[in-house]
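Close look at the chain arrangement
Each chain is listed here by its residues.
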Amino acid sequence: MKIIAANFKMNLTKKEIDNYLKEIDNKKINNVIFFPSNLYIPYFSKYNIGSQDISFKELGSITGDTSIKQYLDFNIKYVLIGHSERRKYFNDSKYISDKVNLALKNNIIPIICIGETEEEYNNNLTKKVLKKELDEALENNITLLNNEIIIAYEPIFSIGTNKVLDIKEIENIISYIKSYLKNTYLLDIKVLYGGSVNLNNIGNLEKISNLDGYLIGNASLDAKSFLDLTSKIK
Ligand code: PGA
């Protein structure tokens, strides 16, 4: 069964969360991991939960940040690291390696987000960019082998835009990521695809043979249609 990561980003208010929870109650969604805003993480305790980020430090004087130790109190099992929005607004590319290390040290599964811009894609730089992002995340890491790591491939220009690459292209890129990680780091890693996954394109995306799941933003925000979407994912 594929992994489905539901990334709410900075969406939904308390009232909307209450309705969401009513809608998903008692539904068969064991393969879904919810990434709500920090404040609402405790309300999802019945489900698989992850945080959208962690601080690059374990504890201390960093105003506005949340430590992995604090998330651990709420039983998170996963963390998104290096989402393109974090890279863009918070200069996160600098901290990827520290964050991956912290996650692994605390037995949390990092979902490392990588992806190229439209310009890089047009200039045929996709593999180069992905290799660089993978190396930045993994090369200083000595505890890789015994730990689970997940990669989310998200072309940045596909996020929230409905511009999805041809499925053959996605398949080739996933295969590149998997073989690079196997050959360089001896890792067998699950790879998710993210970027405008929705009810209209899921049938087509499901034809991709080497995909292990999806990272879903917008289409996870409405519980009813999200449940519909999850039912179409095998
Ligand atoms: P989207 O977001 O599904 O709204 O494109 C995906 C993501 O940014 O993780």
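This text follows the structure it describes.
Here goes a summary of the coordinates provided. (Residues numbered from 1 in each chain as written. Predicted model: local features only at pLDDT ≥ 70, side-chain atom pairs only at ≥ 80, totals over all residues. Heavy atoms only, no water.)

1. Overview of the packing of aromatic side chains
Applying the stated criterion across every chain, the model contains 15 aromatic pairs. Centre to centre, the rings of Phe34 and Phe44 are 5.2 Å apart; their planes meet at 40 degrees, and the pair counts as tilted. Here Phe34, found in strand β2 (residues 32-35), pairs with Phe44, found in the loop between β2 and β3 (48-51); they are 10 residues apart in sequence, far enough to count as distant. What makes Phe34 buried here is its relative accessible area of 0%. Residues Tyr40 and Tyr43 carry aromatic rings whose centres are separated by 6.2 Å and whose planes lie at 35 degrees to one another, so their mutual orientation is tilted. In this structure Tyr43 comes out as partly exposed when scored by relative accessible area, which is 40%. (Phe/Tyr/Trp six-rings, centres within 6.5 Å; stacked < 30°, edge-to-face > 60°. Helix = DSSP H or I, 4+ residues; strand = E, 2+ residues; numbered from the N terminus. Buried < 20%, exposed > 50% of the residue type's maximum accessible area, 1.4 Å probe, protein only.)

2. Describing the environment of Phe90
Position of Phe90 relative to the elements: it lies in helix α3 (residues 84-90). Each residue touching Phe90, except ones within four places of it in the same chain, is listed here: Glu85 and Tyr95. (Contact = heavy atoms within 4.5 Å.)

3. Some remarks on the nonpolar core
Core analysis: the largest hydrophobic core is formed by 66 residues, its most contacted members being Ile24, Phe34, Phe44, Ile151 and Ile177. Residues within four places of Ile24 in sequence aside, it is in contact with Ile29, Phe34, Phe44, Tyr47, Ala223 and Leu227. If you look at the next biggest cluster of nonpolar residues, it comprises 13 residues, including Phe35, Ile109, Ile111 and Ala152. (Core = buried A, V, L, I, M, F, W, Y, C linked by side-chain atoms within 4.5 Å.)

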